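# Fold and geometry: a report
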Amino acid sequence: MQKRKVMMENEGKRPSQGRNPLRRVAVLATGGTIAGAAESGTQAGYTSGKMGIDAMIDAVPGIRALADVHGEQIANVGSQDMSFAIMIRLAQRINELFAADAADGIVVTHGTDTMEETAHFLNLTVKSRRPVVMTGAMRPYTAISADGPLNLYNAVSVAADPAADRRGVMVVMNDRIHGAHSLTKTNTTSVETFLSPVNGLIGTVFYGNVAYFRRPFRKHTYQSEFSVDGLTQLPRVDILHACADMPADLIECSVERGAKGIVIAGHGNGNMNAATIDTAARMAAQGIVIVRSSHVATGTVSRNIELDDDRLGFIAADELNPAKARILLMLALVKKRSLANLQDLFYTY
Ligand code: ASP
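## Structural notes on the confidence of the model for the protein
Taken residue by residue, the protein gives an average pLDDT of 94. The fraction at 70 or more is 94%. Segment residues 5-17 is flagged for pLDDT under 50; beyond a separation of four residues in sequence, or across chains, it makes 31 contacts in the model.

## A word on the pattern of salt bridges
With the rule as written, the count across this model stands at 17 salt bridges. Arg218 is the salt-bridge partner of Asp318, the closest N and O atoms lying 2.6 Å from each other. Placement of the pair is Asp318 in the loop between β15 (315-316) and α9 (322-332) and Arg218 in the loop between β11 (209-214) and β12 (237-241), with a sequence separation of 100 residues. For the pair Asp318 and Arg218, one class covers both residues: buried.

## With respect to the site of the ligand
Around the ligand, a shell composed of Gly32, Thr33, Tyr46, Ser48, Gly78, Ser79, Gln80, Gly111, Thr112, Asp113, Ala137 and Met138 is seen. Thr33 places a polar side-chain atom, nitrogen or oxygen, 3.0 Å from an oxygen atom of the ligand. Between Gln80 and the ligand, the recorded distance is 2.9 Å, taken from a side-chain N or O atom to a nitrogen atom. When the ligand sits alone it has 260 Å² of accessible area, and the protein chains cover 93% of it.

## Description of the sheet that holds β12
Strands sit in the order β12-β13-β14-β15 across an open sheet of four strands; the sheet is parallel. A strand with exactly one partner marks an edge of an open sheet, and here the two such strands are β12 and β15. Of the pairings in the sheet, the one linking strand β14 (residues 289-294) to β15 comprises two bridges and is parallel in character. Its bridge partner lying in β15, Val291 is registered against Ile315.

## Topic: the packing of helix α4 (residues 115-125) against α9
Orientation of α4 relative to α9, taken along the N-to-C sense of each, is 35°, at an axis distance of 9 Å. Relative to α9, the crossing made by α4 is right-handed. Contacts between α4 and α9 involve Glu116, Glu117, His120, Phe121, Leu124 and Thr125 on the former and, on the latter, Ala323, Lys324, Arg326, Ile327, Leu328 and Leu331. Among the residues making up the contact of α4 with α9, the classes are represented as six nonpolar, two polar and four charged.

## Let's talk about a nonpolar patch on the surface
On the surface, a cluster of nonpolar side chains totalling about 330 Å² of accessible area is made up of Leu150, Phe206 and Tyr207. Looking at the element boundaries, Phe206 is found in strand β10 (residues 203-206). Phe206 sits in the exposed class, given a relative accessible area of 51%.

## Focus: the packing of α9 against helix α10 (residues 339-348)
Two numbers describe how α9 lies on α10: the axes approach to 11 Å, and their chain directions differ by 135°. Looking at the two axes, α9 sits oblique to α10. Once α9 is placed against α10, the crossing between them reads as right-handed. On α10, the residues touching Ala325, Leu328, Leu329 and Ala332 of α9 are Leu342, Leu345 and Phe346.

Calculation criteria
Residues numbered from 1 in each chain as written. Predicted model: local features only at pLDDT ≥ 70, side-chain atom pairs only at ≥ 80, totals over all residues. Heavy atoms only, no water. pLDDT = per-residue confidence, 0-100. Contact = heavy atoms within 4.5 Å. Salt bridge = Lys/Arg side-chain N within 4 Å of Asp/Glu carboxyl O. Helix = DSSP H or I, 4+ residues; strand = E, 2+ residues; numbered from the N terminus. Buried < 20%, exposed > 50% of the residue type's maximum accessible area, 1.4 Å probe, protein only. Near = heavy atom within 4 Å. Polar contact = N/O pair within 3.5 Å; in protein donor to acceptor, adjacent residues only side chain to side chain. Areas by Shrake-Rupley, 256 points an atom, 1.4 Å probe, with all protein chains shown as cover. Pairing = 2+ DSSP bridges. Axes fitted to C-alpha atoms, helices over the stretch in contact; angles between N-to-C directions. Left-handed = near helix turned anticlockwise from the far one by under 90°. Nonpolar A, V, L, I, M, F, W, Y, C, P; charged D, E, K, R; others polar. Patch = residues over 30% accessible without salt bridge, like charges linked within 9 Å, V, L, I, M, F, W, Y side chains within 5 Å. Parallel < 35°, antiparallel > 145°, perpendicular 65-115°, else oblique.

Written out as structure tokens, the structure reads:
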């Protein structure tokens, strides 16, 4: 089958070209801890999605000097409740704002739990060269040393920067700029939770000073073939987590419930036990798409290493973790595709 493509469009670190204070940045809010509130500044428990976007913007000193900022509330949920209905609405709204030339850049505030999933979805469905920058917080707005206000300030700085164009969807958290394809949440509570373990950072932003290290290596946004135009729902794809003595009938249960594809969050290089391989291969022969990803924190899943994907009819997720592999597969399965085409998508996006 196809060879893995390496698309390198690297560039050295350089300071941004500076920003025009009149650039228009729309801040689309969806909830999360960044909009969370607790009774006191030291309370560990809090409720996500309490604050409205206008109050959040007004609480950040100096933000209106960075850009012409206006807020819009799309949803107000903890991101564990993020749905494809909200993601589709968000992508459609972003496309609408850019098509109408109503914004030069967009910031999306979002919970951190599923930030990487929405970032990847938007990276595949936004149709613009202009920047979309997601941000969130690990501490609620009412906490001592809340991280949300500076994250929002930095996200607006990146979204207002002309040099941010054509870098796809980015996530700005804790002074780092991550690409949607690469980032993953790695810590349950720390403000340094997001890492880009396979490909590294897009850049850094320090009190609004932006520096870029690279462009995304994979296709995104304006280069993507996927679209949310007229999209109301997506085909079901389930993730099954490999573990010792994994029961293979989980795959049959998913298929009975309507799954058109299954992502195996495999061991190591996308491995699973013999019983699961047999059942998965039987389902693949019936047209269910089986993608091998990994529950390991970093590294790629390659074809035909410990398993003969060509014979079994499996797809290797390459750099995508299980959650992102699922999103790519859901968008891909909106239309009928060959296995060769599906594998190629995992090398392209
Ligand atoms: N559960 C929260 C959310 O994802 C956590 C956070 O935002 O940090 O909405």
